[in-house]
Amino acid sequence: MKRRPFCVMLAAIVLIILCFVREGKDPVTYDGEEKTLIGQVEQIRDGGERTSLILRDVAEQGVLFGGKIQVYEGEGSENRRIKIGNIVSVTGNIYSFEKPGNPGQFDEYKYYHQAGIWARVFSKSLTIQDLSYDAVGQWLYEARKQFYNAIMQCLPEEQAGVAAAILLGEKSGLTSEMKDLYQENGISHILAISGLHISLVGAGLFYFLRRFVMPMKGAVLVSVVILFLYGELTGFPVSAQRAVCMTSCLLFARFLGRRYDRLSALALSACILLLERPELLYQPGFLLSYGTVLGIEIFLPIWKGEPLSVHKNEPTTHFQNYPFLGKGQAAFKKSQVLRETIGEALLANAGIFLITAPVLLYFYFEINFYTAAVNLFVLPFISAVILLSFGGGMLAFLSVQAGRFVFGAVHYILTYYEWICRFMGSLPFAPWIAGRPSMWQIVVYYGGLCVWAALLMRRPGSRRGRWRLLAPLCFFAVLLFPFGNRGELTITNLDVGQGDCACIRYEGTTILLDGGSTDEDQVGKYRISQYLKYYGVRRVDYLFITHGDADHVNGLMEIVQDADHMGLELGAVVLPELEKADAHCQEIEKICRENGVAVKKMARGGSLRLGDLSLECLHPAPDYNWQTENDYSLVLLLRCGDFQGLFTGDLEETGERALLEAGIGPVDYLKVGHHGSKNASSEEFLEKIRPRVAVISAGKNNRYGHPAAETVERLQRAGSRIFCTKDAGAVTYFAENGSVATYKSLEK
């Protein structure tokens, strides 16, 4: 460490951030009020449904706003004269970014705040106050836009989105399917501008300038400038900032005639970024980018039997000794370059896996054990994709046909990538849903890994202690083992906006009751499945659908229709059994059977028993003459020991009278019918069941005004503790002690 002062500095900065830097809070929460703001255009983002602008130095009536804002131009806007660096005035409705309402849900608020963006504005009018602009920034934006359009002309849409992400870091054209495919196989890093891109640009340019144009020192300076311009061209994500800083250190080491040490360069780049934006330490992109390089730089020398103090001017040559392989090391010789290259690649990927596994599990809740193998097949061709995409894009400016000819090779490589990912994804346990590990598990893992690495570094050339190779597997088991109490019955009403979804978990059994929304897109993918993965749920035993309304169904149908059910194993879908057919339920049954999911029917008197837990159907009877879909809602009574919980779907007063005629007593928990509508939860019904806890599922600012004030008053008179997902987020009821926890901690 004496030879690496930047590493010591980085350790001190990280410690200070962990101790003293916490997530900042908005002084004000914005919910659609109209404002007029003035700011300078920092970025123009094309793609998606509308163009957006990022404004910095934002002020309202001369008072600084405090952070950047993202402005969406109004629909049909024809104002295309805006340039980077312009001062603009925008009038529109301003909204704070959404905080998650469920465990596992993407934290939009934190993501944008870590980028320094405080709010979004949907503009009604946008005018330029100052026409002066940043000539270099605008030129780079135009070049990026033209290059992107050239790629989109030369490749099929899906592959064009991948190529644009790889070359330019532009992900607006990347389809959700391809993004998920690359992420699930652990190769989403190739879609980010990283060390490989920068080293190709920097090393290639430096070699050309040094060899044919100018002396070495001039070549270094020109190469560094162009590296920074390329970083700006790609939007300068964290991975690109790290790579540009490290490559610049390498070039300046050549300039000064000094040795280059990757660990010191890595630490220096991290210090620069964290001093500017300390909140990056909590960002997965930052942790994965630095963890990837750290995994290679720490563990590859250890496994090769080299000390970490080696400083390098050139890339490492193929190593000759793998001490931990014992007698097999004689098979590796200098002449066997291919085998050595494969061996080094596998070991490098193993090092990356060891460092980044906790980060992946903490933020994404699943991991792919085949990632090293996928990278082995993918990475050898990524340089070709970058160079061919660059060359094809340049040719496309002259002739689209010439560009398509070059992009033909890119097409076949990306097709090969897709085939590899789909094949690996079809293998068992790919990916493996493990859930989010607790912080103490992560600390134990990294602590054990440090001790293990220190023991190996003490004897870098020794063959003894090969048993220590099993230690990382033991530490990894600590991350995967579910230490939480899984025996307790819990009922969670998820925050799905204007819709309904309840999840029952008990002794390894998971049951979903409804799952849909009318105001949240892809609620199955982004809320329901993410909640399940957060808790390490790999199988949903039963999916009950109370009735056919979209706000109770569409999220579950997303999961059913997904190619691999979003990584989940599905048991059976349970529908109401009715003699009077319902078209929506018939369509749901058809979709389930087409996607290989079993369908069961349930009517009054039917029940499901799972150990001590039972679900009894109270409504409807098979011959029930329903008039509306809400009227035939499946009503379930959950029993477990002394606990009783009632789930009523969208049942209204007509169905409630049928329940009262059948006889029903007090319950501990009630999922309030029809989102708290005034036509549900009648006085007579509540007087009979007198729920201790009542949970209402409704969306924020919904157009129906749910929950109705009359319903809330009736619940209060019945003596119920009332929780609503639009205010509290996900509401979890713990049957063992009758306590309630809300995700947004509004009530405890």
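Scroll up to find the structure this text is about.
Every residue gets a number counted from 1 within its own chain, in the order that chain's sequence is written. Under the rules for a predicted model, residues below a pLDDT of 70 receive no local features and side-chain atom pairs below 80 are neither given nor counted, while totals for whole chains, interfaces and linings still include all residues. Hydrogens are left out, water is left out, and the side-chain values use all remaining heavy atoms of the structure.

Draft legend 1. Summary view of the overall build of the protein. Each helix corresponds to a stretch of at least 4 residues labelled H or I by DSSP, and each strand to a stretch of at least 2 residues labelled E; elements are numbered beginning at the N terminus. A tally of helices and strands in the protein yields 23 helices and 23 strands. Each residue's exposure class comes from its accessible area (1.4 Å probe, protein chains only) as a fraction of the maximum for that residue type: buried when under 20%, exposed when over 50%, partly exposed otherwise. Across the 748 residues in the protein, those meeting the buried criterion constitute 51%. Note on contacts: a residue pair qualifies if any of its non-hydrogen atoms lie within 4.5 Å across the two residues. For the protein, the proportion of contacts with a sequence separation of at least 24, taken over those separated by at least 6, is 68%. Computed with a 1.4 Å probe, the accessible areas rest on the Shrake-Rupley method; for each residue, only the protein chains presented here act as cover. When the accessible surface of the protein is totalled, it reaches about 35000 Å², and 57% of it is carbon and sulfur.

Draft legend 2. Helix 19 (residues 583–594), seen in detail. Take the number of residues in a helix, subtract one, and multiply by 1.5 Å to get its expected span. Taking 1.5 Å of rise per residue, the 12 residues of helix 19 would be expected to cover 16 Å, and the 17 Å separating its terminal C-alpha atoms lies within 8% of that figure. Of all the residues in helix 19, the buried ones are Cys585, Ile588, Ile591 and Cys592. Projected down its long axis, helix 19 carries its buried residues within an arc of 120°, all on one side. Relative to its buried face, helix 19 has exposed residues pointing more than 90 degrees away, namely Ala583 and Glu594. Looking at the residues trailing helix 19, positive phi occurs at Gly596, about 70°. The arc in question is formed by the directions pointing from the helix axis toward the C-beta atoms.

Draft legend 3. The arrangement of the nonpolar core in detail. Only buried residues count toward a nonpolar core, which is a set of Ala, Val, Leu, Ile, Met, Phe, Trp, Tyr and Cys residues joined through side-chain atoms within 4.5 Å. In terms of nonpolar packing, the biggest core is built from 51 residues, with Ile151, Ile166, Tyr182, Ile190 and Tyr417 touching the most fellow members. Listed in part, the 31 residues of the second largest apolar core include Ile504, Leu613, Leu638 and Phe647.

Draft legend 4. The arrangement of the side chain of Thr356 in detail. Relative to the assigned elements, Thr356 resides in helix 11 (residues 337–364). When near neighbours in sequence (up to four residues on either side) are disregarded, Thr356 contacts Leu288, Gly291 and Thr292.

Draft legend 5. Fine view of the sheet that holds strand 10 (residues 499–506). By definition, two strands form a pair when at least two bridges between them are found by DSSP. If you walk across this open sheet you meet the eight strands as 14-13-12-11-10-9-22-23, and the pairing is mixed. Where the open sheet ends on each side, the last strands, each with one partner, are strand 14 (598–602) and strand 23 (739–742). On average, each strand axis in the sheet is inclined to that of its neighbour by 20°, with strand direction left out of account. Examined bridge by bridge, strand 22 (residues 731–734) and strand 23 share four bridges and lie antiparallel to one another. Its bridge partner lying in strand 23, Thr732 is registered against Ala741. A fitted line through C-alpha atoms represents every axis, and for helices the fit uses only the stretch in contact; the resulting angles, taken between N-to-C directions, go from 0 to 180 degrees. Strands in contact with helix 18 (residues 550–561) are strand 10, strand 11 (509–517), strand 12 (539–544) and strand 13 (569–576); relative to strand 11, the strand with the most contacts, it is inclined by about 120°. Packed onto the sheet, helix 19 meets strand 13 and strand 14 and runs at close to 160° relative to strand 13.

Draft legend 6. How the structure looks around the sheet that holds strand 17 (residues 635–640). Strand order in the open sheet made by the seven strands is 15-16-17-18-19-20-21, with mixed pairing throughout. Two strands bound the open sheet, and with one partner strand each, they are strand 15 (607–610) and strand 21 (721–724). Each adjacent strand pair in this sheet contributes to an overall mean axis angle of 15°, direction not counted. Bridge count between strand 15 and strand 16 (residues 613–619): four bridges; the pairing is antiparallel. Looking across to strand 16, one finds that Leu610 is bridged to Leu613. Across the face of the sheet, helix 22 (residues 709–717) comes into contact with strand 19 (669–671), strand 20 (693–696) and strand 21 while running at roughly 145° to strand 21.

Draft legend 7. Just the packing of aromatic side chains, in detail. Here a pair means two rings of Phe, Tyr or Trp (six-membered ring of Trp) with centres within 6.5 Å. Their orientation is stacked below 30 degrees between planes, edge-to-face above 60, and tilted elsewhere. A complete count under the given rule lists 27 aromatic pairs for this structure. Residues Tyr111 and Tyr112 carry aromatic rings whose centres are separated by 5.2 Å and whose planes lie at 90° to one another, so their mutual orientation is edge-to-face. Taking relative accessible area as the criterion, Tyr112 reaches 14% and is therefore assigned buried. Aromatic side chains Tyr534 and Tyr535 sit 4.9 Å apart centroid to centroid with 75° between the ring planes, which places their arrangement in the edge-to-face category. Under the relative-accessibility criterion, Tyr535 is labelled partly exposed at 29%. Grouped by ring-pair contacts, the aromatic residues Phe97, Phe106, Tyr111 and Tyr112 constitute a single cluster. The ring of Phe255 is capped by Lys217, whose NZ or CZ atom sits 5.3 Å from the centre of that ring. Two conditions define a charge sitting above a ring: the NZ of Lys or the CZ of Arg must be within 6 Å of the ring centre, and it must be within 35 degrees of the ring normal.

Draft legend 8. Spatial organisation of the pattern of salt bridges. Salt bridges are identified by distance alone: a Lys or Arg side-chain nitrogen within 4 Å of an Asp or Glu carboxyl oxygen. Following the criterion strictly, the structure yields 26 salt bridges and no others. Between Asp261 and Arg4 there is a salt bridge, and its shortest N-O distance comes to 2.7 Å. Placement of Asp261 in the loop between helix 8 (238–256) and helix 9 (262–276) and of Arg4 in the segment before helix 1 (5–20) is noted, with a sequence separation of 257 residues between them. With respect to burial, Asp261 and Arg4 carry one shared label: buried. One salt bridge in this structure joins Asp541 and Arg539, with 3.0 Å as the shortest N-O distance. On the accessibility criterion, Asp541 (15% relative accessible area) is buried. Each of the salt bridges in this network shares a partner with another, and the network as a whole consists of Glu98, Asp495, Glu520 and Arg527.

Draft legend 9. Expanded view of the packing of helix 17 (residues 523–534) against helix 18. The interhelical angle for the contact between helix 17 and helix 18, taken along N-to-C directions, is 90°, at an axis separation of 8 Å. With respect to helix 18, the axis of helix 17 lies roughly perpendicular. On helix 18, the residues touching Val523, Gly524, Lys525 and Ile528 of helix 17 are Asn554, Gly555, Glu558 and Ile559. Three categories are distinguished: nonpolar for Ala, Val, Leu, Ile, Met, Phe, Trp, Tyr, Cys and Pro, charged for Asp, Glu, Lys and Arg, and polar for the others, with Gly belonging to the last. Per-class residue counts for the contact of helix 17 with helix 18 are three nonpolar, three polar and two charged. Roughly parallel means an angle under 35 degrees; roughly antiparallel means over 145; roughly perpendicular covers 65 to 115; every other angle is labelled oblique.

Draft legend 10. Structural view of the packing of helix 13 (residues 382–398) against helix 14 (residues 400–425). For the pair helix 13 and helix 14, the least separation of the axes is 7 Å and the interaxial angle reads 155°. In terms of orientation, helix 13 and helix 14 fall into the roughly antiparallel class. Every pair of crossing elements has a handedness; the one defined by helix 13 and helix 14 is left-handed. Facing helix 13, whose interface residues are Ile382, Ala384, Val385, Leu388, Ser389, Gly392, Gly393, Leu395, Ala396 and Leu398, helix 14 presents Val400, Ala402, Gly403, Val406, Phe407, Ala409, Val410, Ile413 and Tyr417. When its residues are assigned to classes, the contact of helix 13 with helix 14 shows 15 nonpolar, four polar and no charged. For any pair of crossing helices, the crossing counts as left-handed if the nearer helix is rotated counterclockwise from the farther one by less than a right angle, and right-handed if it is rotated clockwise.

Draft legend 11. Region of interest: a nonpolar patch on the surface. Like charges are joined within 9 Å and nonpolar side chains (Val, Leu, Ile, Met, Phe, Trp, Tyr) within 5 Å, but only among residues with over 30% relative accessible area and no salt bridge; these make up the patches. Taken together, the side chains of Phe390, Met394, Leu395, Phe397 and Leu398 make up a nonpolar region of the molecular surface, amounting to roughly 520 Å² of accessible area. As for its position among the elements, Phe390 is in helix 13.

Draft legend 12. Representation of the pairing of strand 10. With eight of eight residues buried, strand 10 is to be regarded as a mostly interior element. Here strand 10 shows a buried face lined by Gly499, Cys501, Cys503 and Arg505 and a second buried face lined by Asp500, Ala502, Ile504 and Tyr506. As defined by bridge partners, strand 9 (residues 490–493) adjoins strand 10 across four bridges and the pair is classed as antiparallel. Paired with Thr490 across the two strands is Arg505, which belongs to strand 10. Across seven bridges, the pairing between strand 10 and strand 11 is antiparallel.

Draft legend 13. Looking closely at the pairing of strand 12. The buried count for strand 12 comes to five of six residues, which makes it a mostly enclosed element. The pairing of strand 11 with strand 12 spans three bridges and is parallel. In the strand pairing of strand 12, Ile511 is matched with Tyr542. Note: strand 12 against strand 13, five bridges, orientation parallel.

Draft legend 14. Representation of unusual backbone geometry within the structure. Looking along the chain, the bond that leaves His619 and enters Pro620 is cis, with omega of 5°. Mapping Pro620 onto the fold places it in the loop between strand 16 and strand 17. Within the chain, His675 stands out as a residue other than glycine whose phi angle is a positive 60°. Mapped onto the elements of the fold, His675 is located in the loop between strand 19 and helix 21 (683–689). If you check the backbone angles, Ser681 has positive phi at about 55° while not being a glycine. Position of Ser681 among the secondary structure elements: in the loop between strand 19 and helix 21. According to the relative accessible area criterion, Ser681 is buried, its value standing at 1%.

Just geometry here; none of it tells us what the structure is for.
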